[in-house]
Amino acid sequence: MSVGFLVVIFFLLVVFVLVGVTFLTLLERKVLGYVHIRSGPNKVGFIGLFQPFSDAISLFSSEQYFPLVSNYLSYYFSPVFSLFLSLLIWVLVPYFSGFISFELGLLFFLCCTSLGVYTVMVAGWSSNSNYSLLGGLRSVAQTISYEVSLALILLSFVFLVCGYDLVSFYYFQSYLWLIFFTFPLSLVWIISCLAETNRTPFDFAEGESELVSGFNIEYGAGGFALIFLAEYASILFMGLLFCVIFLGCDLDSLLFYISLSFISYLFIWVRGTLPRFRYDKLMYLAWSGFLPLSLNFLLFFLGVKLFLFPLL
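Predicted, not measured: the structure shown is a model, and the values here were computed from it.

Engineer: Give a detailed account of the overall build of the protein, specifying residues and quantitative values.
Structural biologist: Secondary structure summary: the protein contains 10 helices and zero strands in total. Order of helices (α) and strands (β) in the protein, N terminus to C terminus: α-α-α-α-α-α-α-α-α-α. Here the C-alpha atoms of the protein give a radius of gyration of 20 Å, agreeing with the 20 Å that 2.2 N^0.38 yields for 312 residues. Once the C-alpha set of the protein is aligned to its principal axes, its extents read approximately 65 × 45 × 45 Å. For the protein, the exposed surface amounts to about 15,800 Å²; the carbon and sulfur share of it is 73%. Between the averaged position of the 11 positive side-chain charges in the protein and that of its 16 negative side-chain charges there is a distance of 10 Å.

See the structure below:
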């Protein structure tokens, strides 16, 4: 397979991910509208279908400004790097036709999500504003805390399927989906994904006491749009990874895409339903709740693999 062909496929993948992100934002605004007993965006185009494109044009054509005392290069570079990381993770999609075969796919995923922490930290610091720095610090602490449980959950499944490749999940779930005998772990995964992507009820990047938007308070126009796109692209990928690990990983099946749509809808549903958590309770949940649970499941899967599987 030539390099040019791979570049074209990845370019198409990026385009379709960005289109998916635009319609996910429309879905979110529509669902939240109906949650609030109003209709949501319905003026631009047929039933509001062109609203995301209208928003994108207005954001990217707005005046680009920057704070005079900001660290100019890192201030401009961090949203671009954030979107780049969110789109780079999509090369992990387990196509059975080839594309890019990752033998260590899950490690690549953990590396990219860990690097995402730095973009938030640099965005908050380089704005040279106390409020954005506070939001960045809160967000970094939260993301690191929940990455620990995410990594341990992934390690449990690595022991179970004996591989870091996402395709191995497809072969392992030929007869039974993993969600049926790891249901508690799937709930922990979903909640950790909410915290990892800074979504309600864990959106502590936003400063409630300071009444500001958080680490991205100094960003407007294109910079804000890039941060927004990165967040929603990572939400879509987290939904895809949930479907790969727990719901069969069959990319040729329509059911896979229905499941992915439902998981994406779940992120929005939670946002419209639950109030914001308290920050100390968030940290308590991560270190005193999810960490022991994921460690216990890790030992359990290790025991199952060592003692039960050789008997089968």
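Having seen the model, we can carry on.
Engineer: Requested: an account of the confidence of the model for the protein, with residues and values cited.
Structural biologist: Averaged over all residues, the pLDDT of the protein is 87; the fraction at 70 or higher stands at 97%. Taken element by element, the predicted model of the protein shows its lowest mean pLDDT in helix α2 (residues 51–60) (87) and its highest in helix α9 (residues 254–273) (93).

Engineer: Go over helix α3 (residues 72–88), please, and point to the residues and values.
Structural biologist: An α-helical turn contains 3.6 residues, so any two residues separated by three or four positions project in the same direction. Here α3 is 17 residues long and its end C-alpha atoms lie 25 Å apart, about the 24 Å a rise of 1.5 Å per residue gives. The largest bend in α3 amounts to roughly 30° and is located at Ser 78, with the proline Pro 79 lying one to four residues further along. Turning to α3, its buried residues number three or more, namely Ser 74, Tyr 75, Ser 78, Pro 79, Ser 82, Leu 83, Leu 85, Ser 86 and Leu 87. On the buried face of α3, the contacting elements are α1 (3–35), α4 (105–126) and α8 (221–246).

Engineer: Give me the lowdown on the pattern of salt bridges, citing residues and values where you can.
Structural biologist: This model, assessed by the stated rule, comprises six salt bridges. Note that Asp 55 and Arg 29 form a salt bridge whose closest N and O atoms lie 2.7 Å from each other. Taken as a pair, Asp 55 in helix α2 and Arg 29 in helix α1 lie far apart in primary sequence, 26 residues in all. The class for Asp 55 is partly exposed, based on a relative accessible area of 25%. Judged by its relative accessible area of 36%, Arg 29 is partly exposed. Taking the shortest distance from any N to any O, the salt bridge between Asp 280 and Arg 278 comes out at 2.8 Å. Accessibility expressed as a relative area gives 44% for Asp 280, which makes it partly exposed. By sharing partners, the salt bridges in this structure join Glu 28, Arg 199, Glu 231 and Arg 271 into a single network.

Engineer: Report on a nonpolar patch on the surface, specifying residues and quantitative values.
Structural biologist: Taken together, the side chains of Val 8, Phe 11, Leu 12, Val 15, Phe 16, Val 19, Phe 23, Phe 46, Ile 47, Leu 49, Phe 50 and Phe 53 make up a nonpolar region of the molecular surface, amounting to roughly 1,100 Å² of accessible area. Top contributing element to the nonpolar patch by residue count: α1, with seven residues. Tracing the backbone through its elements, the reader meets Leu 49 in the loop between α1 and α2.

Engineer: Report on unusual backbone geometry, specifying residues and quantitative values.
Structural biologist: The peptide bond linking Thr 200 to Pro 201 adopts the cis configuration, its omega dihedral lying at 5°. Not every positive phi belongs to a glycine, and Asn 198 is a case in point at roughly 55°. Within the secondary structure, Asn 198 sits in the loop between α7 (183–196) and α8. We note that Ala 221 has phi near 55°; this positive angle belongs to a residue other than glycine. One can find Ala 221 in helix α8.

Engineer: Hey, could you go over the packing of aromatic side chains for me, with residue numbers and the actual values?
Structural biologist: Counted according to the given criterion, the structure contains 27 aromatic pairs. Arranged with centres 5.9 Å apart and planes meeting at 35°, the rings of Tyr 146 and Phe 202 form a pair that is tilted. Of this pair, Tyr 146 sits in helix α5 (residues 130–161) while Phe 202 sits in the loop between α7 and α8; the two residues are 56 residues apart in sequence, bridging distant segments of the chain. Residue Tyr 146 is classed as buried on the basis of its relative accessible area of 0%. Ring geometry for Phe 300 versus Phe 301: centroids 5.7 Å apart, planes at 45°, classification tilted.

Engineer: If you had to explain the nonpolar core to someone new, which residues and values would you point to?
Structural biologist: Trp 90, Phe 109, Phe 157, Phe 169 and Trp 189 are the most contacted members of the largest nonpolar core, which has 69 residues in total. Contributing elements (two or more residues each) for this core: α1, α3, α4, α5, α7, α8, α9 and α10 (279–308). When residues in this core are grouped by element, the largest group, 16 residues, is from α8. Among all residues touching Phe 109, those that are not within four sequence positions of it are Ile 89, Leu 92, Leu 154, Trp 189, Phe 237, Met 238 and Leu 241.

Engineer: Give a detailed account of the environment of Leu 13, specifying residues and quantitative values.
Structural biologist: Topologically, Leu 13 is positioned in helix α1. The exposure class assigned to Leu 13 is buried, which follows from its relative accessible area of 10%. Measuring from C-alpha to C-alpha, the distance between Leu 13 and Phe 60 comes to 22 Å, with 47 residues separating the pair along the chain.

Cut-off values and rules
Residues numbered from 1 in each chain as written. Predicted model: local features only at pLDDT ≥ 70, side-chain atom pairs only at ≥ 80, totals over all residues. Heavy atoms only, no water. Helix = DSSP H or I, 4+ residues; strand = E, 2+ residues; numbered from the N terminus. Rg over C-alpha atoms; globule rule 2.2 N^0.38 Å. Areas by Shrake-Rupley, 256 points an atom, 1.4 Å probe, with all protein chains shown as cover. Lys, Arg positive; Asp, Glu negative; His and termini not counted. Charge placed at Lys NZ, Arg CZ, Asp CG, Glu CD. pLDDT = per-residue confidence, 0-100. Expected span 1.5 Å × (residues − 1). Bend = angle between axes of the 7 residues up to and from the residue. Buried < 20%, exposed > 50% of the residue type's maximum accessible area, 1.4 Å probe, protein only. Contact = heavy atoms within 4.5 Å. Salt bridge = Lys/Arg side-chain N within 4 Å of Asp/Glu carboxyl O. Patch = residues over 30% accessible without salt bridge, like charges linked within 9 Å, V, L, I, M, F, W, Y side chains within 5 Å. Phe/Tyr/Trp six-rings, centres within 6.5 Å; stacked < 30°, edge-to-face > 60°. Core = buried A, V, L, I, M, F, W, Y, C linked by side-chain atoms within 4.5 Å.

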